[in-house]
Amino acid sequence: MTDTLLTTTTAERPPLVPGLPLLGNALKLRGDMTRFLVENYHRFGAIYRIRILSRDYTILAGIEANRLLAKQGNDLFTGERFFGGFAREMGNGAFLPAMEDDPHRHLRKVLRPGYAKEAITPHIERLISIAREHVEGWTTRGRVPVVAAIQHLITDQLGIVLGGRALGAYFPYVRDFLRIIVNVTMLGTSPRWTLRSKRYLTARAKTREFLQHLIDDHRITPQGGDLVDLSLDARDREGNPYTNDDLILIGIGAYVAGMDTLANTLSFMLYALLKHPAALAAVRSEAEALLQQGTPTLGDLRSLKALHGAALETLRMYMIAPITMRTARQAFQFGGYDIPIGTDVMVANGVTHFLPEYFYAPNEFRHERTFSGLPANVYTPFSLGAHTCLGAGMAESLLMLSAAVIVTRADLSIDPPNHTAQIVSTPAPNPGDRFAMRVSAKQ
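Conventions and cut-offs
Residues numbered from 1 in each chain as written. Predicted model: local features only at pLDDT ≥ 70, side-chain atom pairs only at ≥ 80, totals over all residues. Heavy atoms only, no water. Helix = DSSP H or I, 4+ residues; strand = E, 2+ residues; numbered from the N terminus. Buried < 20%, exposed > 50% of the residue type's maximum accessible area, 1.4 Å probe, protein only. Axes fitted to C-alpha atoms, helices over the stretch in contact; angles between N-to-C directions. Parallel < 35°, antiparallel > 145°, perpendicular 65-115°, else oblique. Contact = heavy atoms within 4.5 Å. Nonpolar A, V, L, I, M, F, W, Y, C, P; charged D, E, K, R; others polar. Expected span 1.5 Å × (residues − 1). Core = buried A, V, L, I, M, F, W, Y, C linked by side-chain atoms within 4.5 Å.

Undergrad: It is not clear to me how unusual backbone geometry should be interpreted in this structure. Could you clarify?
TA: Across residues other than glycine, the phi torsion is negative in most instances, and most of the peptide bonds are trans. Across the junction of D415 and P416, the peptide omega takes the value 0°, indicating a cis bond. Take P416: it is sitting in the loop between β9 (410-415) and β10 (436-441). Of note in the backbone geometry, L22 takes a positive phi value of approximately 70° without being a glycine. Counting through the fold element by element, L22 comes out in the segment before α1 (26-30). Relative accessible area serves as the criterion here: at 78%, L22 is assigned to the exposed category. A positive phi angle, near 75°, is found at N377, a position not held by glycine. Among the structural elements, N377 can be located in the loop between β8 (344-348) and α16 (392-409).

Shown next as structure tokens:
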């Protein structure tokens, strides 16, 4: 299918995907979102509408949609309607997804070193140790629900990289806080009264408490340039230090970026490897040889063909951000239709991952797949344009490092063996709570 930006438009609105009374397409979006978007791309083309409850969203999909987001997205769109509620709930602080233009560019520049893949380097040995400790704990339990276990592992690692401290006992509070606030303010899948519930208020207070301790400790003893240090030393565009609320929201943003994104990607990677024994064997063989040599470098990880290939293929097949949610702040034309100012838009940047003109057998997991020679803006696991994930390099490196440790430290199998993941997309796509592994000490 070829989709192009057209200069002639019609007075009609893009076609509406049929849905249920009242709910519209809400249930489809809560399930395997990417499959739903791809199916409707083939059915309706590069532009169509969906309805979630009483609200319409215009979907832009395919290579031209991705190019639009990459080249003009900063001018055409704003993320305030989707992400501003989160920022307001936290006091209108420095929350990158809700920011645009110069303030956004300035804060990205400030925080970029803290999210760079190189920020992992001083901590690699500790990150390996954390992964080993978690895996050893799993072996005492036998059967492990994967998503929750990986969330705990990843957030402990992120805590070390971004602020020098794992979440520890604060983990369940931060998890509850993020899940509730994201569902209410971003996704609209939970009612606003949830923000007044005791569970949420307790989780919110505990999350702030953890981050405040972290900030206070860094004021006394800097850790050598991690995200918290960078934020404390930085100045806003007017030359003023960031407020304490800004600093807390910057810290929260780091966990938003990792707890339900990187953790879910690693969960999917384990699922894919366990479903493909040849891929698992190749990854395990490479990882064992590398880790036996001592502490690896990031370059060492990327040199492992099977491991790197499995990570890239997981990011292709199991996108955590298959859509980029925006609102039109300028009127524009796409695919023969006028898009008025104020239109809620979802750029389905993940659709190209499943088009056979770009990927042979796109519905099959192939760790040996090559990603070289693809047209620009086809492979988009971290979105596109000005709001491309700031921590993309860090995420890919942590994904490979953690997977290497997990598959070499224990014998793993899906439990039950015939389980097929039922992908759910709340708050972000994941293989579901029913996905569990049987974990035993390596023989």
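Undergrad: Sorry, what's going on with the packing of helix α13 (residues 277-291) against α16 here?
TA: At a minimum axis distance of 9 Å, the contact between α13 and α16 shows a crossing angle of 100°. In terms of their interaxial angle, α13 and α16 are classed as roughly perpendicular. Of the residues in α16, those touching α13 at L280, V283, R284, A287, E288 and L291 are A404, V405, V407 and T408. Residues of the contact of α13 with α16, tallied by class, amount to seven nonpolar, one polar and two charged.

Undergrad: Sorry if this is basic, but what is going on with helix α15 (residues 305-317) here?
TA: One full turn of an α-helix is made of 3.6 residues, so residues set three or four places apart face in the same direction. Given a rise of 1.5 Å per residue, 13 residues ought to cover 18 Å, and the 18 Å separating the end C-alpha atoms of α15 matches this to within 8%. Counting buried residues along α15, twelve of its 13 residues qualify, which places the element largely inside the surrounding structure. Among the residues of α15, A306, L307, H308, G309, A310, A311, L312, E313, T314, L315, R316 and M317 are the ones counted as buried. Residues of α15 that are buried in the fold lie against α12 (262-275), α13, α14 (298-303) and α16.

Undergrad: Is there a simple way to explain the nonpolar core in this structure?
TA: Inside soluble globular proteins, nonpolar side chains tend to come together where they are buried. One finds L60, F86, W138 and I150 to be the most contacted residues of the largest nonpolar core, which totals 149 residues. Per-element accounting of this core gives the leading share, twelve residues, to α16. Leave out the neighbours within four places in its chain, and F86 touches F95, L178, I181, V182, T185, M186, L249, I252 and V256. Residues L312, F359, F371 and V378 belong to the second largest nonpolar core, which totals five residues.

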